[in-house]
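# Survey of secondary and tertiary structure
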Amino acid sequence: MKVRLNGEPCEVREDASVLDVVAASGAEPEGRGVAVAVDGEVVPRGEWDEFELREGQRVEVLQAVQGG
Amino acid sequence: MAECGPLTIAGREFGSRLILGTGGFRSLESMAEALAASGAELATVALRRVDASARGSIVEVLEEAGCTLLPNTAGCFTARDAVLTAELSREAFDTDWIKLEVIGDERTLLPEGSELLDAAETLVAEGYVVLPYANDDPVLARRLEDAGCAAVMPLGSPIGSGMGIRNPYNLRLIVERADVPVILDAGIGTASDAALAMEAGCDGVLLASSVSRAEDPARMARAMRHAVTAGRLAFESGRIPRRLYGEASTPTEGVPELT
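Keep in mind the model is a prediction, meaning the values are calculated, not measured.

Turning next to the environment of Asp94(B). Residues and elements named next belong to chain B. Assignment of secondary structure puts aspartate 94 in the loop between α3 (79–93) and β6 (97–100). A relative accessible area of 68% means that aspartate 94 is categorised as exposed. Each C-alpha atom, one on aspartate 94 and one on leucine 69, is 9.4 Å from the other, the two residues being 25 residues apart in sequence.

We now examine the nonpolar core. Residues and elements named next belong to chain B. By size, the foremost hydrophobic cluster in this structure holds 70 residues, and its most contacted members are Leu62, Leu100, Leu144 and Val205. With 8 residues, α3 is the single largest residue contributor to this core. Those residues in contact with leucine 62 that sit more than four places away from it in its chain are Thr22, Met31, Leu35, Ala43, Thr44, Val45, Cys67 and Leu69.

Residues and elements named next belong to chain B. Counting through the fold element by element, serine 30 comes out in helix α1 (residues 28–38). Judged by relative accessible area, serine 30 falls into the buried class, the value being 14%. Ignoring anything within four residues of it in the chain, the contact list for serine 30 reads Phe25 and Pro217.

Take the interface of chain B and chain A next. Contact residues are listed per partner, giving 32 residues for chain B and 26 residues for chain A. Across the chain B to chain A interface the summed buried area is about 2,200 Å²; carbon plus sulfur atoms make up 57%. The largest contributions to the chain B side of the interface with chain A come from Arg49(B), Val50(B) and Glu91(B), which together make up 30% of the buried area. Our enumeration of links across chain B and chain A arrives at 2 salt bridges.

Okay, a negative patch on the surface next. Together, Glu28(A), Glu30(A), Glu60(B) and Glu64(B) line one region of the surface with negative charge. The exposure class of Glu28(A) is exposed, given its relative accessible area of 58%.

Residues and elements named next belong to chain A. When strand β1 (residues 2–5) meets strand β5 (residues 58–65), the two strands line up parallel, connected through 2 bridges. When the bridges of β5 are listed, arginine 4 appears paired with arginine 58. Sheet topology places strand β3 (residues 34–38) next to β5; 5 bridges connect them, and they run antiparallel. In the strand pairing of β5, valine 38 is matched with valine 59.

What counts and what doesn't
- The residue numbering used here restarts from 1 in each chain and proceeds along that chain's sequence as written.
- Chain letters start at A and ligand numbers start at 1, both assigned in the order the entries are written.
- Residue-level local features of this predicted model are given only where pLDDT is at least 70; pairs of side-chain atoms are given and counted only at 80 or more, and the full residue set underlies all totals for whole chains, interfaces and linings.
- Where side-chain values are given, they derive from all heavy atoms of the structure, hydrogens and water being excluded.
- Helix and strand assignments come from DSSP, with helices taken as H or I runs of at least 4 residues and strands as E runs of at least 2, each series counted from the N terminus.
- Between buried and exposed lies partly exposed: a residue is buried under 20% and exposed over 50% of the maximum accessible area for its type, with that area taken using a 1.4 Å probe on protein chains only.
- Here, the term nonpolar core denotes a set of buried Ala, Val, Leu, Ile, Met, Phe, Trp, Tyr and Cys residues that are joined through side-chain atoms within 4.5 Å.
- The contact rule is simple, with two residues in contact once any of their heavy atoms fall within 4.5 Å.
- Throughout, the accessible surface (probe 1.4 Å) given up by two parts as they are put together, summed over both, is called the buried area.
- One speaks of a salt bridge when a side-chain nitrogen belonging to Lys or Arg is within 4 Å of a carboxyl oxygen belonging to Asp or Glu.
- A patch consists of residues whose relative accessible area exceeds 30% and which take part in no salt bridge; residues with like charges are grouped when within 9 Å of each other, and nonpolar side chains (Val, Leu, Ile, Met, Phe, Trp, Tyr) when within 5 Å.
- Note on areas: these come from Shrake-Rupley sampling with a 1.4 Å probe, and a residue is covered only by the protein chains present in the view.
- His is not counted here, nor are the chain ends, while Lys and Arg score as positive and Asp and Glu score as negative.
- A charge is said to be at NZ when it belongs to Lys, at CZ for Arg, at CG for Asp and at CD for Glu.
- At least two bridges found by DSSP between two strands is the condition for calling them paired.

None of this, on its own, says anything about what the molecule does.
Structure (structure tokens):
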């Protein structure tokens, strides 16, 4: 199925979890400074593994950068 | 930097009254050098889409330096986006401190006051320690304080402009009425701007571009450290009044008749 990962179309397997998409994004899933929103809602780190994505969902995988 | 008293925000003490924004450094190494030279114990971080080619971790660099992280909501134009960004930051950095930024105009980057206040109210209710980047507006500063913000952070002039403090009078009005720390945030161009903010009674200064985009960031960071300390010491010392005419400091009694 297709989801949108950081604004780009992304092909993932049918039962893909948030954790799978975090790994696909290039972020370090264990690293600090990473956060995920799906369709505009925060998904806490503890739920990444079990949160199953659905077709067309918008996933934002964010990491710490310099700023402010 | 223990020459002047600590900066206390929401019950937490920081030995330095200088808060370093981390935006604009050419590298993490340059940032680390400037951070060490600045003496800052609190530094901002932001969240952006993952860039798999990015090298190094800003979180590790800041934590190795013993710095407390202050995530920001830079780039948000609505209260809704700012609240969501704060929630993402809490997840990413394990802190409920947030530098709340809601911008109202892309060209000047000036804050959008009503969205800012909305976001502040929501985040305070959710238990965040909210440090709002605000206009140099004494009424808005009061509203933000009443909403439960842990500090108010009026701008001196637009972000990255280096134009210094354009309205010292408003800044004084904000300082005079505030019961929470006042942090001058944005517009600092050089050391004298930071000293002026502290002389006006600000509790601290938050700056980024003036250091990160200086030719020698570490050296400018050292200048800012001294400026903030000097300004604070001067503020605490009670300056002399301004006079229209001169007033001799050498005794006027006992002047000899020499000719």
